[in-house]
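The primary structure of each chain is shown beneath.
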Amino acid sequence: MNVNQQLWSYLSDTSSRISDIKSSPIAWSFDGQVFHQHSTLPSLTEQSDVKAIICSGEKDFPIPDTYIKEKLPVTSFDFIYRKGTPQKMIDVLKNYWSIKLATQTAGDLPFTMVHMAVSLDGKIATVDGHSKWIGNEQNLNHAHRLRAILDGILIGSGTVKTDSPTLNVRRVTGQSPARFVLSNVSKDFSQLQQIKDAPTYLIRHKNYAYKNDTKIFDDVIFYEGNTKVEQINNILQKIRAKGIRSLLIEGGAETVSCFVRANAVDVLQLHHTPLILGSGRNMVNLPKVETIKEGQFLKHTYYTQMGNEIMITGALDND
């Protein structure tokens, strides 16, 4: 998925992370070079210079035969694009523009997104936790683009120990996200690499004291709640209070599972690599179901070719 530098410069522009969006925009358009926002739906004709539009799915309106309309998983945006638009441009607009808009229009809680590289049999690592690298180079570049667009990134202590992560932006231009580590009992975070270009926070339940003596963390966030739903909701409230409008959840499985069980994942993105491990760590650990219908299907899905691999993006159907 090649990203034009001019296009990426806009999408990763830190000055527009918290956009000065005008009152109640309902549509955003792209003419191939410049992005615009609209308080009314722009007119689409065969002579229009609009290549693509993202708009709220609340209002339906007719489109000419020269355009195609799709439903995106990102806050149920409608994506309308002119027929004949190059697929690479469509992929970029779907995967980055729509997510940037979700960040800009976030409400009381952050927009949340899970991105994971998985084998064909649903594993994210070996039994011992080795996972470098399940995804290909294109996936690594994509993951860093997501970091550059989203305000924060969250992992669990297991990922700290097995991956010794940096969690910053290195492979593309852009600002590194604020880093959040969710852990109640771990006391050893020495494997977390230190960086200077973004703050780092520990998230822990108020019942588990933690002395930040080593100053690994800029602050410790203590959350409350009795049920998982209450706890995850309070975590997101505390993260939002730090000025974080969007959150990338990179794992591991237990951390992702907590957010899935609490219905707190807005977009789920899985990068599938042509690999079978046969054993290893599952991407999520959820309660047992008896029938296929009890599983959680993805809705408004789309697929992106990533070299010789495929990425699927969708919203969990929690209805």
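Definitions and cut-offs
Residues numbered from 1 in each chain as written. Predicted model: local features only at pLDDT ≥ 70, side-chain atom pairs only at ≥ 80, totals over all residues. Heavy atoms only, no water. Helix = DSSP H or I, 4+ residues; strand = E, 2+ residues; numbered from the N terminus. Contact = heavy atoms within 4.5 Å. Polar contact = N/O pair within 3.5 Å; in protein donor to acceptor, adjacent residues only side chain to side chain. Expected span 1.5 Å × (residues − 1). Bend = angle between axes of the 7 residues up to and from the residue. Buried < 20%, exposed > 50% of the residue type's maximum accessible area, 1.4 Å probe, protein only. Salt bridge = Lys/Arg side-chain N within 4 Å of Asp/Glu carboxyl O. Pairing = 2+ DSSP bridges. Axes fitted to C-alpha atoms, helices over the stretch in contact; angles between N-to-C directions.

1. Points about the environment of G122
So, point 1. In this fold, G122 is placed in the loop between β6 (111-118) and β7 (123-125).
So, point 2. Placed 69 residues apart in sequence, G122 and Q191 show a C-alpha to C-alpha distance of 26 Å.
So, point 3. Excluding its chain neighbours within four sequence positions, the residues that come into contact with G122 are R281, N282 and M283.

2. Regarding the side chain of T313
So, point 1. Within the fold, T313 resides in strand β16 (residues 309-316).
So, point 2. There is a polar contact of 2.8 Å between the side chain of T313 and the side chain of Q269.
So, point 3. Discounting residues that sit within four places of it in the chain, T313 has contacts with P73, N95, V267, L268, Q269, H300, T301 and Y302.

3. Overview of helix α2 (residues 87-104)
Each turn of an α-helix holds 3.6 residues, which means side chains three or four residues apart point in the same direction.
So, point 1. Taking 1.5 Å of rise per residue, the 18 residues of α2 would be expected to cover 26 Å, and the 25 Å separating its terminal C-alpha atoms lies within 8% of that figure.
So, point 2. Most pronounced at L93, the bend in α2 amounts to some 30°.
So, point 3. Burial runs high along α2: 15 of the 18 residues are buried.

4. A short note on the pattern of salt bridges
So, point 1. For the coordinates displayed, the defined rule picks out six salt bridges.
So, point 2. With a shortest N-O distance of 2.7 Å, K94 and E70 are connected by a salt bridge. In this pair, K94 sits in helix α2 while E70 sits in strand β4 (residues 67-71), placing the two residues 24 residues apart along the sequence.
So, point 3. Exposure remark for K94: the relative accessible area of 7% places this residue in the buried category.
So, point 4. Here E70 falls in the partly exposed class, since its relative accessible area comes to 24%.
So, point 5. Here D78 makes a salt bridge to K71, at a shortest N to O gap of 3.0 Å.
So, point 6. Under the relative-accessibility criterion, K71 is labelled partly exposed at 31%.

5. Some remarks on the sheet that holds strand β12 (residues 246-251)
So, point 1. In space, the nine strands of this open sheet follow the order β11-β10-β9-β8-β12-β6-β13-β16-β15, with mixed pairing throughout. The sheet is open, and its two borders are formed by β11 (219-223) and β15 (298-306), each paired with just one other strand. Put simply, the sheet's adjacent strands are angled 25° from each other on average, direction ignored.
So, point 2. Alignment of β6 against strand β13 (residues 267-272), held across six bridges, turns out to be parallel. Directly across from V114, in β13, lies its bridge partner L268.
So, point 3. Docked against the sheet, helix α5 (residues 228-241) engages β6, β8 (152-156), β9 (178-182), β10 (200-205), β11 and β12, running at close to 145° with respect to β11.

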